[in-house]
Amino acid sequence: MKTGFHPEYTLVLLRVMDEEDAVFLPAKEVFQRAGAPLEELEPWNLYEFSGHPHKSDKQKFFAVSGKMVEE
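Residues numbered from 1 in each chain as written. Predicted model: local features only at pLDDT ≥ 70, side-chain atom pairs only at ≥ 80, totals over all residues. Heavy atoms only, no water.

A. Quick look at the overall build of the protein chain. Per the secondary structure count, the protein chain includes one helix and five strands. The order of α-helices and β-strands along the protein chain, N terminus first, is β-β-β-α-β-β. Taking all 71 residues of the protein chain together, the buried fraction comes to 18%. Contacts in the protein chain between residues at least 24 apart in sequence constitute 25% of all its contacts with a sequence separation of at least 6. (Helix = DSSP H or I, 4+ residues; strand = E, 2+ residues; numbered from the N terminus. Buried < 20%, exposed > 50% of the residue type's maximum accessible area, 1.4 Å probe, protein only. Contact = heavy atoms within 4.5 Å.)

Right under this line is the structure:
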């Protein structure tokens, strides 16, 4: 997993077998205002997202919610 914070959005790249899937989340400032712990989006944490797949690109996913999965 790789997380990139951009001005308009947060991008999480997930490695699934031999391909990368992109999950688009709100900007970092939105997480900070909500009090969400950004360290949960660090590599090697398991995270479950809910949302909508991109209409034409199966490797893009627009998340509307997510939570860290406890092992």
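B. Local environment of the pairing of strand E5 (residues 60-68). Pairing of strand E3 (residues 19-25) with E5 involves three bridges; the strand directions are parallel. Bridge pairing links Ala22 to Lys60 in E5. Looking at chain direction, strand E4 (residues 47-53) and E5 are connected through seven bridges and run antiparallel. Residue pairing across strands places Glu48 opposite Lys67, the latter belonging to E5. Linking two consecutive strands that pair antiparallel, namely E4 and E5, is a turn of six residues. (Pairing = 2+ DSSP bridges.)

C. Spatial organisation of the pairing of strand E1 (residues 2-5). Direction of pairing for E1 relative to strand E2 (residues 10-16): antiparallel, over a ladder of four bridges. Bridging from a neighbouring strand, Phe5 pairs with Thr10 of E2. Counted along the chain from E1 to the antiparallel partner E2, the turn is four residues long.

By themselves these figures say nothing about function.
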